[in-house]
Amino acid sequence: MRKVELQGASSPENELTLATNPSAIPNGIAGLDLVSGPVGKPSRHESAIQHVTGAARYVDDLIEPANGLFAAVIRSPIARGTITRMDLEPVRKSPGVVCVLTVDDVLGHTDIGPVFPGDPIMTSTEVKFFGQCLAVVAATSELAARRAAQAAILEFEREEPLLDAREAVASQQLVRPSHVMTMGDVDSALASSHQVLEAMQEVGGQEHFYLEGQVSLAMPTEDGGMLVYTSSQHPSEVQKLVAEVLALPLNRVTVDMRRMGGGFGGKESQAAQWACLAALLASKTGRAVKLRLPRQDDMIMTGKRHPFANSYRIGIDEAGRITAADIEVIGNCGNSPDLSDAIVDRAMFHADNAYFLGNARIAGHRAFSNQVSHTAYRGFGGPQGMMIIERAMDDIARAVGKDPLDIRKLNLYGTEQSEPERTLTPYHQTVEFNYLPQLIEQLETSSDYRARRVAIRQFNQHSPILKRGLALTPVKFGISFTLQHLNQAGALIHIYTDGSIQVNHGGTEMGQGLHTKVGQIVAQTLGVELERIVVTATRTDKVPNTSPTAASSGTDLNGKAAQNAALTLRQRLVEFLAAEKTVSPEAIRFENGRVSWGGSEDMSFAELVQAAYVGRVSLSATGYYRTPKIWYDRTNARGRPFFYFALGAAVSEVVVDTLTGEYRVTRVDILHDVGRSINPAIDRGQIEGGFIQGMGWLTTEELVWHADGRLLSNNPATYKIPAIGDTPPVFNVALFEHENDEATVYNSKAVGEPPFMLAISVWSALRDAISSLSDYRLSPDLDTPATPERVLKAVMAVQAQCAQNGMTGGAV
Amino acid sequence: MIRFLLNDQPRDIEYIAPDLTILEYLRTIEVQRGTKEGCASGDCGACTLVLAEPSEEPGKLLYRSINSCITFVGSLHGKQLITVEHLQQGQQLHQTQQAMVECHGSQCGFCTPGFVMSLFALSKNSGVCEFDPQASNGEAPGNQPVNPEQRHQINLALGGNLCRCTGYRPIMDAAAQVLADVQPDQFDARQAEVWQQLMDIRTAQAPMAGLTDPGCPVKPLTERRFFSPQTLAELVELLARYPQARLVAGGTDLALERTQQLKPLDVLVYTGAVAEMQQLTLTDETLIIGGAVSYSRMASTLQLVLPEFASMMERLGALQVRNQGTMAGNVANASPIGDTPPVLLALDALLHVDSAEGQQTLPVNGFFTGYRQTTLPKGAVISAIEIPLNKSDWFRRVYKVSKRLEDDISAVLAAIMFKVENGLILDARLAFGGVAATPLRVVAAEQALIGQPATLAGISAAQQILKQTLTPLTDVRASAEYRLQLTQNLLTRALLEFQQQANSDGSASVALEVGHYA
Ligand SMILES: Cc1cc2nc3c(=O)[nH]c(=O)nc-3n(C[C@H](O)[C@H](O)[C@H](O)COP(=O)(O)OP(=O)(O)OC[C@H]3O[C@@H](n4cnc5c(N)ncnc54)[C@H](O)[C@@H]3O)c2cc1C
Ligand code: FES
Ligand code: FES
């Protein structure tokens, strides 16, 4: 393992190790060795300087054109019913108001559902969720618009909202049909298994809480078209929907997206509505219109991570190995399909996580509810699916009296070398290149798991109130969009005559460092310094018909497309130079901004470019990429939905107060597989950030809905994402030493989502601490988020059960 | 008119909306948009800026981070407002910015200007720790992990800045890197000069500082004004003259009416410049905290005489809130989930109340009469809070339970105090927040403790009374059952900690709170 010098105060405990084989030639592209060049280096984020100086501009920071207007949304104060009166006259008469629109004013499409219909841009009849958009107002200032929006007179005929997902499934109120995956014969395997365990689980949703809220600025163009600046992960979809609501062809609408202040899936489909509303107002008034959702509106009006209701019936043998699993996952989708079909599918694809289930039936339901339409969020249903099988692992361990780690290891997928018969997933993709056994072994050692286990048991025996818990959980996360056609990308590179380079691609920068990595890839491919490259704003008029930046695929897809464009340009330059100098193309090398052709002669990249320009060589090229190998036959629930799997594991330790349920995460050790890292600093940032976000999801981030359907946790005073003190004092992160066996860009692996699920170890460690009260005989129910209140409830339940069974508990 | 420095530029403002926040002012009027809005409610820190004010020591400035989204422009008179755009010198990044870049402290970057400003304030106060004067000034981290004291100091400084991307580890590293070797900067070089400029503004013989809304005619009842009186006499006179006036201290409660509910606040009277209300007086018998003294300013004094109160206060809001917020505001706001009222109830504190009619003293016991209702007369101000220091031989604990450790509102706050002699409880105070419509002292439960042995059995009657008499609500933060259970369990915790303290024979004791677990 090679240690990477990260600038800054990294400590030995926090040191980062990186797997790189410097002599390897990636993907067999000759001349692209990684000994030198930017790939693999921990370069800083391309916007780091702008970030720290306040110079980085987000949509709300753009100077509005003179005469520009500001919009605010009128939203439903009830969750379900019919509008009986909507008097907007007081809104129109409010100071500063210029324009008020309802759905009747929309010329084009009124349904902006991204995949399936069901998302009216505004409604003036039926209300399906609290916060639904009823009308929109533009005024001369933001405050004027927001105050005017308060003036609307609204009356409704209310109906009882449906909020519970299990209830929705029972009454068959679904936003999309159910789907089932089967492998083997579950029922007879269950019947013949040594023991059958059963459990139910409620997994909470999650607010994205991107620091920059939803925002769009729409500017009418001279030809009746629209230029839209938006904070969106999916500019092409915004372009399409804006065109549709305005009844324009797509070529009249341009969408520009420089950077988001965080996205996490929340701006994949649900940034479009605000862009469309701004465009409608701009089109109506002929003036630029900015629509920025204030935090509370944003939290109320945009969808969240789906809450899930899961259950399992699992058969095991004496040793605790699973023989059959009957798993049901129910996504609470809210009032419309949005992306829920694929999200619940992904939950199903991950209900096995890293474990071979033998015989399996995995059923997934898409429950309707009178909530905002829940949407993409880092992991896209995967985390919610994994929760049920990780719960089962702990339950099995308690049932057979073993350490949960041993149960997890026992149930892992096999490898091609050992137990190849244990490599089939319930959707009939064979797990290849399964390095998890090795990875877990390595982490078990580096984290000192066994010794700490002993120490913790001892501590718990002597500590009356505080109990410590420890858990190791793995992650196996499938990479690719499960919707096949999204697995494509384009890029556009211009080389200018001074040798400076502009790169544009279909991916969006939301903080994940995509532009930095793409810049590194292009620089590496062209053998130039990173400083020579500028990656510009994502624009639908530069690279068209793009996929959302999602599914962790940003670098895999756009990095490859950009590399392909760079290879085209490189090839043109090579051919030009070979002809000029009459040397063989193989002799030409690009390195560090200089070009050589054998012997001692070389020239700068800029000189070559200038000469090529004069020699009439095109210095602009597009690049395109589509992911190979993947397919999924949904009718038969089998296929290869994933190009490869990203792997990782984490060990978390917690301490729990059995009097109050308060707890702290005291130490976390992570070993994660990013293949060959393109940028170890950025990858580490994704791992740490994903982990902490996942920890928040499972611990303090509680969405609370009133029985009448209102969201009560609608601001950061009531919805608590992790703060700095929640980051564990000991936080060891290492990259697993192995390059991707599939031919991804520089054999790297996707890293955006997979580390999120490493945080399941925190939840499992909490259950471990609580289980200690029963001397590890009971496996407590602990729905998420595991707030101090839920932890105390679980503690008291275990104590009560111990008292009932006459077991010795650890309580006072 | 008010006069302040925007970075190094003097600004004179007379006509501006009195309820305009600094964030709105910067982004819309100055069109300086490096400072971000993440919530407009004080919870995220994206809008963090630094205020410099003259300290008593000539030539020395005090630097404090604030949430600009909930601070009114009118409160800037005589202060220097430092924004993120002003930290770098030419192409040279400020040390705090450099550290953030080097440690990969930004991803999406939206939280970053706020973090940089909090870090900047931390670097200026690195020798002055808010709560624990003993806290180390930071060993060079080099290759050492951030040590616990330093981590604590950094958590206090950055606990009010949310980042959704990084997971904070690189930001922690950046902070440690800065603290290891704080470099002199251009602000140090100009400190004496700025001090003088600000003193000149403050001492200039001028009409009372204030603002007038340009859109509203200056006549009583319809006018929109911001007043910044310098004496208590001026202040009470204004309250008498403007019955519709609202007092504003830190604004950390009041400003939310404007930024969240969008209510106009027409006449504001700022307490921050009133000399009498900025005093902090400690004698053997009492601690008198001026009505405009911020939590941060009272922290070190409180630490000396009531450390349990001070350590809870580390978790009251976040530093930006503590730098602005006042105890008087907390009491006047009378929220049932305010953190200081239960403690003040348990300590038998007194309120000094001034109005045009004169001064009176009201006990905190009896002050809270209903949901957000008090006996504070109309036109009156809490000029100071007096805390008798007569419980030094009591066992005193203040417990705050919330979902998140930092910057969260309590589900329950418990102030538990008792005096024990020969194993028997002689007197007791039990006061809670979050269990009723008001902060509540539970006298019946106190009575049930008196005369009992200081044992688990001895407190059980009191616990029964808590269970039977308290009527907490279920809300977004916690259920009624949990709150009820906590009141009893926190009494158990206090008792156990008392026993441990009483029995301590020098042998290492077992930690009873997760916060104490190393
Ligand atoms: C992010 C955030 C976190 C918070 N966390 C906590 C927390 O953990 N615990 C907690 O208890 N509170 C918390 N608060 C609430 C608030 O910070 C406190 O209540 C604070 O003490 C209020 O003081 P202030 O000076 O800012 O009051 P202001 O907002 O200025 O005033 C509050 C009210 O008191 C009145 N008032 C102010 N001064 C006086 C006076 N001298 N005499 C009479 N009336 C007066 C005002 O007119 C107003 O009605 C938080 C607030 C925010 C924004
Ligand atoms: S904008 Fe969030 S604290 Fe000010
Ligand atoms: S870097 Fe995105 S919120 Fe901190």
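If you check an unreviewed UniProt entry, chain B appears there as Xanthine dehydrogenase small subunit from Parathalassolituus penaei.

As annotated in an unreviewed UniProt entry, chain A is Xanthine dehydrogenase molybdopterin binding subunit from Parathalassolituus penaei. In the Sequence similarities (unreviewed entry) part of its UniProt record, chain A is described as follows: "Belongs to the xanthine dehydrogenase family."

Quick look at the overall build of chain A
Along the backbone of chain A there are 19 helices and 31 strands. The C-alpha radius of gyration computed for chain A amounts to 27 Å, which stays within 12% of the reference 28 Å derived for 812 residues, consistent with globular compactness. Over its C-alpha atoms, taken along the principal directions, chain A stretches across nearly 90 × 80 × 50 Å. Relative to its 812 residues, chain A shows a buried fraction of 63%.

A word on the packing of helix H3 (residues 112-124) of chain B against helix H5 (residues 169-180) of chain B
Residue and element names in this part refer to chain B. Packing of H3 against H5 brings their axes to within 10 Å, and their N-to-C directions diverge by 30 degrees. As the angle between them shows, H3 and H5 are arranged roughly parallel. Crossing hand, H3 versus H5: right-handed. Across the interface between the two elements, Phe-115, Leu-119, Leu-122 and Ser-123 of H3 pack against Ile-171, Ala-174, Ala-175 and Val-178 of H5. A per-class count over the contact of H3 with H5 returns seven nonpolar, one polar and no charged.

Some points on the domain arrangement of chain B
Residues and elements named next belong to chain B. Partitioning chain B into structural domains gives domain 1 (2-86 + 189-270), domain 2 (95-184) and domain 3 (277-503). A straight line from the C-alpha centre of domain 2 to that of domain 3 covers 32 Å. Each partner contributes to the interface: domain 2 provides nine residues, whereas domain 3 provides twelve residues. Classifying every residue of the side of domain 2 that touches domain 3 gives four nonpolar, three polar and two charged.

Section: the UniProt feature "domain: Aldehyde oxidase/xanthine dehydrogenase a/b hammerhead" (unreviewed entry) in chain A
Annotation from UniProt places "domain: Aldehyde oxidase/xanthine dehydrogenase a/b hammerhead" (unreviewed entry) at residues 53-160 of chain A. Here residues 53-160 of chain A is 13% helix and 31% strand, with 51 Å between the C-alpha atoms at its ends.

A closer look at helix H4 (residues 148-158) of chain B
Listed as buried for H4 of chain B are Gln-150, Gln-153, Ile-154, Asn-155, Leu-156, Ala-157 and Leu-158 of chain B. Looking at the buried residues of H4 of chain B, the elements they touch are H3, H5 and helix H11 (319-324) of chain B.

As for the site of ligand 1
Residues and elements named next belong to chain B. Of all residues adjacent to ligand 1, which total 31 residues, the nearest are Gly-42, Ala-249, Gly-250, Gly-329 and Asn-330. Here the shell around ligand 1 gets five residues from one element, more than from any other, and that element is helix H12 (residues 327-333). Shared between two domains, the shell around ligand 1 takes at least three residues from each, and those domains are domain 1 (2-86 + 189-270) and domain 3 (277-503).

Some words on unusual backbone geometry
Between Thr-784 of chain A and Pro-785 of chain A the backbone carries a cis peptide bond, its omega angle lying at 0 degrees. The residue Pro-785 of chain A is located in the loop between helix H18 (760-771) and helix H19 (788-805) in this model. The phi torsion at Asp-338 of chain A lies on the positive side, around 40 degrees, for a residue other than glycine. In the Ramachandran plot, Asn-7 of chain B falls in the positive-phi region, its phi being about 55 degrees despite a non-glycine side chain. Among the structural elements, Asn-7 of chain B can be located in the loop between strand E1 (2-6) and strand E2 (9-13). Of the residues examined, Asn-7 of chain B has 13 C-beta atoms within 10 Å and is grouped as partly exposed.

Quick word on the confidence of the model for chain A
Averaged over every residue, the pLDDT of chain A is 94; residues scoring 70 or more account for 95%. Note on residues 1-32 of chain A: pLDDT under 50 across the span, and 68 contacts to partners over four residues away in sequence or across chains.

Regarding the sheet that holds E2 of chain B
Across a sheet, paired strands are connected by hydrogen bonds in the backbone, their directions being either parallel or antiparallel. Residue and element names in this part refer to chain B. Pairing is mixed across the open sheet formed by five strands, whose spatial order is E2-E1-E5-E3-E4. What marks the edges here is a single partner per strand, and that holds for E2 and strand E4 (61-67). For this sheet, the mean angle separating the axes of adjacent strands, direction not counted, is 30 degrees. Where strand E3 (residues 48-54) lies against strand E5 (residues 80-82), three bridges are found, and the strand directions are antiparallel.

Some remarks on the packing of helix H10 (residues 382-400) of chain A against helix H11 (residues 404-411) of chain A
All names here are of chain A. At a minimum axis separation of 8 Å, H10 and H11 run at an interaxial angle of 115 degrees. Here H10 and H11 pass one another in a crossing that is right-handed. Note on element contacts: H11 touches H10 through Pro-404, Ile-407, Arg-408 and Asn-411, opposite Met-393, Asp-394, Ile-396 and Ala-397. For the contact of H10 with H11, a count of residues per class yields five nonpolar, one polar and two charged.

Digging into the interface of chain A and chain B
Buried accessible area, meaning the area lost when the parts come together, often serves as the stated size of an interface. The interface of chain A with chain B comprises 80 residues on the first partner and 79 residues on the second. For the side of chain A that touches chain B, the secondary-structure elements that each account for two or more residues are helix H1 (48-53), helix H3 (142-150), helix H8 (295-301), strand E29 (644-657), strand E30 (663-672), helix H17 (680-698) and H19 of chain A. Looking at the side of chain A that touches chain B element by element, the count peaks at seven residues for H17 of chain A. The residue makeup of the side of chain A that touches chain B, split by class, is 36 nonpolar, 29 polar and 15 charged.

A word on the domain arrangement of chain A
Residues and elements named next belong to chain A. We note that the domain assignment places domain 1 (60-160 + 214-292) and domain 2 (308-482 + 634-805) within chain A. If you average the C-alpha positions of domain 1 and of domain 2, the two centres end up 38 Å apart. Contacts between domain 1 and domain 2 engage 18 residues on the former and 20 residues on the latter. Residues belonging to the side of domain 1 that touches domain 2 are distributed by class as follows: seven nonpolar, seven polar and four charged.

Describing the nonpolar core
All names here are of chain A. Among the nonpolar cores identified, the biggest contains 376 residues, and Ala-71, Val-137, Val-242, Ala-278, Ala-279, Leu-281 and Leu-766 are the most heavily contacted of them. Not counting the four nearest positions on each side in its chain, Ala-71 is found in contact with Val-136, Val-137, Ala-138, Ala-145, Leu-277, Ala-278, Leu-281, Val-289, Lys-290 and Leu-291. If you look at the next biggest cluster of nonpolar residues, it comprises 39 residues, including Ala-562, Ala-566, Leu-577 and Ile-588.

Quick word on the sheet that holds strand E20 (residues 501-505) of chain A
Residue and element names in this part refer to chain A. Pairing within the open sheet is mixed, and its four strands lie in the order E21-E20-E19-E26. Edge positions in the open sheet fall to strand E21 (533-535) and strand E26 (620-626), since each of these has one partner strand only. Strand-to-strand twist of the sheet, defined as the mean angle between neighbouring strand axes without regard to direction, takes the value 20 degrees. Here strand E19 (residues 488-495) pairs with E26 via seven bridges, running antiparallel. Along E26, the bridge assignment pairs Gln-488 with Arg-626.

Analysis parameters
- Residues numbered from 1 in each chain as written.
- Chains lettered and ligands numbered in written order.
- Predicted model: local features only at pLDDT ≥ 70, side-chain atom pairs only at ≥ 80, totals over all residues.
- UniProt positions renumbered as here; feature names shortened; annotations may be inferred.
- Helix = DSSP H or I, 4+ residues; strand = E, 2+ residues; numbered from the N terminus.
- Rg over C-alpha atoms; globule rule 2.2 N^0.38 Å.
- Buried ≥ 20, exposed ≤ 12 C-beta atoms within 10 Å, placed from the backbone.
- Axes fitted to C-alpha atoms, helices over the stretch in contact; angles between N-to-C directions.
- Parallel < 35°, antiparallel > 145°, perpendicular 65-115°, else oblique.
- Left-handed = near helix turned anticlockwise from the far one by under 90°.
- Contact = placed C-beta atoms within 7 Å.
- Nonpolar A, V, L, I, M, F, W, Y, C, P; charged D, E, K, R; others polar.
- Domains from an automatic or database assignment.
- Near = placed C-beta within 6 Å.
- pLDDT = per-residue confidence, 0-100.
- Pairing = 2+ DSSP bridges.
- Core = buried A, V, L, I, M, F, W, Y, C linked by C-beta atoms within 7 Å.

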